[in-house]
Amino acid sequence: MQLTGAVDEVADVGLCVGDVCVPGEGEDPDPALLDLSGVTEHRAGNWEFTMLSTPAELTIRTYTAEGDVVTDTAVELEWHRVGGTARCGGPHAAVVTVEV
C-alpha cells in the first residue's frame with residue numbers, strides 16, 4: 001500500500017473488515033482478516049502486508065502516534081499473480097494508494 005499526501009502524520013495502519021481491524025480494534029476478526037500475517041515492511045509512506053487470502057475489498061485505516069484515526073478508506077483489491085504458475089497458482093500482490 002502506498003500512502004500519499006501528509007504521510008508524516010501516519011504512525012500505524014490497520015486493515016479492516018466492517019468494524020474489526022488488524023492489528024487493533026475489535027474482538028472477533030472477520031475470517032478475511034484471520035490470514036493476515038502483519039506488516040512485513042514499512043518505509044516512507046509504503047506499507048506491505050502479508051496475507052494468506054486474497055479478499056476483494058478491505059478498509060484501510062491510518063492512525064496517528066496517539067491512536068487517532070487519520071483516514072478510513074474503503075478499497076477494492078485487484079490481485080495479480082507474482083509467482084508460481086497459472087495451473088498451480090502462487091503468490092499474488094495487490095497495490096493500492098490511499099490519500100492522507
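Structural data are supplied above this passage.
To keep things clear, this report deals only with the structure shown in the data block. (Residues numbered from 1 in each chain as written. Predicted model: local features only at pLDDT ≥ 70, side-chain atom pairs only at ≥ 80, totals over all residues. Heavy atoms only, no water.)

### Side note on the overall build of the protein chain
Worth spelling out the cut-off: In this description a helix means any DSSP run of H or I spanning at least four residues, a strand means any run of E spanning at least two, and both kinds are numbered starting from the N terminus. Burial here depends on accessible area, computed with a 1.4 Å probe over protein chains only, as a share of the maximum for the residue type. Under 20% is buried, over 50% is exposed, and the range in between is partly exposed. By definition in these notes, contact holds between two residues if any of their heavy atoms fall within 4.5 Å.
Of the regular secondary structure elements, the protein chain holds 1 helix and 10 strands. Mapped from its N terminus to its C terminus, the protein chain presents α and β elements in the order β-β-β-α-β-β-β-β-β-β-β. The buried share of the protein chain, reckoned over its 100 residues, is 33%. Sequence-distant contacts in the protein chain: of pairs separated by 6 or more residues, those separated by 24 or more amount to 44%.

### Examining the nonpolar core
Filter applied, for reference: What is meant by a nonpolar core is a set of buried Ala, Val, Leu, Ile, Met, Phe, Trp, Tyr and Cys residues, joined one to another through side-chain atoms within 4.5 Å.
In terms of nonpolar packing, the biggest core is built from 15 residues, with Met 1, Leu 3, Val 13, Trp 47 and Ile 60 touching the most fellow members. Those elements giving two or more residues to this core turn out to be strand E2 (12-17), strand E5 (46-51) and strand E6 (57-63).

### Here we look at the pairing of E2
In summary, the side chains of a regular strand alternate between the two faces of the sheet. Stated precisely, the cut-off is as follows: A pair of strands is considered paired only if DSSP assigns at least 2 bridges between the two.
Here E2 runs beside E6; their pairing, made up of 5 bridges, is antiparallel. Bridge pairing in E6 places Asp 12 opposite Tyr 63. Across 3 bridges, the pairing between E2 and strand E3 (residues 20-22) is antiparallel. Following the sheet pairing, Leu 15 is matched in E3 by Val 22.

### A closer look at the environment of Glu 76
Relative to the helices and strands, Glu 76 resides in strand E7 (residues 69-76). Judged by its relative accessible area of 66%, Glu 76 falls in the exposed class. Here the alpha-carbon distance between Glu 76 and Glu 57, two residues 19 residues apart in the chain, equals 4.3 Å. Not counting residues within four places of it along the chain, the set of residues in contact with Glu 76 comprises Ala 56, Glu 57 and Val 96.

### Examining the sheet that holds E2
Filter applied, for reference: Here the axes come from fitting lines to C-alpha atoms, over the contacting stretch only for helices, and the angles between their N-to-C directions go from 0 to 180 degrees.
Taken together, 4 strands build an open sheet; the order of strands is E3-E2-E6-E7 and the sheet is antiparallel. With one partner strand each, in any of the chains shown, E3 and E7 form the two edges of the open sheet. Neighbour-to-neighbour, the strand axes of the sheet open up by a mean angle of 30 degrees, direction not taken into account.

### Focus: the side chain of Thr 71
Quick reminder of the rule: Any N or O atom pair separated by 3.5 Å or less is treated as a polar contact, with the protein-specific requirement of one donor-capable and one acceptor-capable atom, and with residues adjacent in sequence counted only for side-chain atom pairs.
Within the element layout of this structure, Thr 71 appears in strand E7. The exposure class assigned to Thr 71 is buried, which follows from its relative accessible area of 11%. Of note is the side chain of Thr 71, whose polar atom sits 2.5 Å from the side chain of Thr 62. In this structure Thr 71 touches Ile 60, Arg 61, Thr 62, Val 98, Glu 99 and Val 100, once residues within four positions along its chain are discounted.

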